[in-house]
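Tertiary structure, described
The residues making up each chain are set out below.
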Amino acid sequence: MMMTTAMASAARPLAGRAALVTGGSRGIGAAIALRLAADGAAVALTYRHREDLAAGVVREIEEAGGRACALRADGADPEAVRASVAAAADRWGRLDILVNNAGAGVVGPFEGLALDEVDRVLATNVRGPFLAAQAAAAHLAEGGRIISIGSCMAERVAFPGGSLYATSKAALTGLTKALARELGPRGITVNLVHPGPIDTDMNPADGESAELQAGFTSLGTYGRPADVAATVAHLAGEGGRYITGAALAVDGGFAA
Ligand code: NDP
């Protein structure tokens, strides 16, 4: 049977588009990179330490017929962040989608948080996405997308120890809304996705506090990285055309 143009574009809705996914070597970022590539986008992904895992994600995308490259870039390093955006745009000759996924998780009593830890988490979770969006905005054309990965902890801090993490993720709400206003006239959408407990190295479903976290969701269970990736893909595609300044929860009802 011959595939019609409409069928082909439905199968690969992001064909011809180029994406940068920060923190794409593992967990949620890897799932997003794989999903955007499966939808047809050329994907650059960043990593901090795990070059081997980043190369594995690139290989998996290429073996499936997609295009991908890996870039080392610590999200806490301003120059590395800017350079990674420039390198992605250079590599693909364009940039259409930025996914700010790289993030530092930290849980601990408020009084005990050291200054360097506060700086590290804010640099990674807030300044990194801010600078990446700033650098990406110079490349994005009409139809461009900026999608940041927040956290259900930005909406509901269900247990103690989340002061720094929740502060950092809540800051992305301001960034998302302000950029939606600023970039809207250019036809660029800016959104936030709040995952609930998702089974990754950062938050394994068999970890110490897993039962507690799952118990705070409505569904009573952890989500998978691919669950978050599906919503990112929706926002990145034509279905996200009229969604901007929004926060979409993929949290199993954590915030309900
Ligand atoms: P993982 O720890 O499983 O993976 C982290 C990924 O980000 C890796 O690719 C890692 O690279 C990269 N990374 C970490 N720090 C940096 C940095 N400073 N600069 C660049 N890359 C970095 O995390 P998750 O997949 O669980 O989390 C992804 C995002 O989702 C984060 O923003 C997190 O806050 C958020 N989130 C996660 C939830 C969960 O339950 N898992 C819940 C809510 C939000 P490398 O492999 O090189 O170390």
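Check the entry above for the structure.
Before going into details, it helps to say that this report is about the structure given with it. (Residues numbered from 1 in each chain as written. Predicted model: local features only at pLDDT ≥ 70, side-chain atom pairs only at ≥ 80, totals over all residues. Heavy atoms only, no water.)

**Here we look at the sheet that holds strand β7 (residues 247–250)**
Taken together, seven strands build an open sheet; the order of strands is β3-β2-β1-β4-β5-β6-β7 and the sheet is parallel. At either end of the open sheet lies a strand with only one pairing partner, and these are β3 (68–72) and β7. Averaged over all adjacent pairs, the angle separating strand axes in this sheet is 20°, with direction ignored. Across four bridges, strand β4 (residues 97–100) lies against strand β5 (residues 145–149) in parallel orientation. Its bridge partner being in β5, Asn 100 is matched across the sheet by Ser 148. (Pairing = 2+ DSSP bridges. Helix = DSSP H or I, 4+ residues; strand = E, 2+ residues; numbered from the N terminus. Axes fitted to C-alpha atoms, helices over the stretch in contact; angles between N-to-C directions.)

**Comments concerning the nonpolar core**
Ranked by size, the top nonpolar core spans 32 residues in total, and within it Ile 32, Leu 36, Val 43, Val 99, Val 193, Val 228 and Val 232 carry the most contacts. At the level of secondary structure, the elements contributing two or more residues to this core comprise β1 (18–21), α2 (27–38), β2 (42–47), α3 (51–63), β4, β5 and α8 (225–236). It is α2 that provides the largest number of residues to this core, a total of seven residues. Leaving out residues up to four positions away in the same chain, Ile 32 has contacts with Val 21, Val 99, Asn 101, Ile 149, Ala 229 and Val 232. By size, the runner-up hydrophobic cluster in this structure holds 29 residues, among which are Ala 44, Leu 95, Leu 131 and Ala 137. (Core = buried A, V, L, I, M, F, W, Y, C linked by side-chain atoms within 4.5 Å. Buried < 20%, exposed > 50% of the residue type's maximum accessible area, 1.4 Å probe, protein only. Contact = heavy atoms within 4.5 Å.)

**A look at the packing of α2 against α3**
Contact geometry for α2 and α3: axes closest at 10 Å, N-to-C directions at 20°. Here α2 is positioned roughly parallel relative to α3, judged by the angle of their axes. In terms of crossing hand, the pair formed by α2 and α3 is right-handed. Of the residues in α3, those in contact with Ala 30, Ala 33, Leu 34 and Ala 37 of α2 are Val 57, Glu 60 and Ile 61. Residue composition of the contact of α2 with α3, grouped by class: six nonpolar, no polar and one charged. (Parallel < 35°, antiparallel > 145°, perpendicular 65-115°, else oblique. Left-handed = near helix turned anticlockwise from the far one by under 90°. Nonpolar A, V, L, I, M, F, W, Y, C, P; charged D, E, K, R; others polar.)

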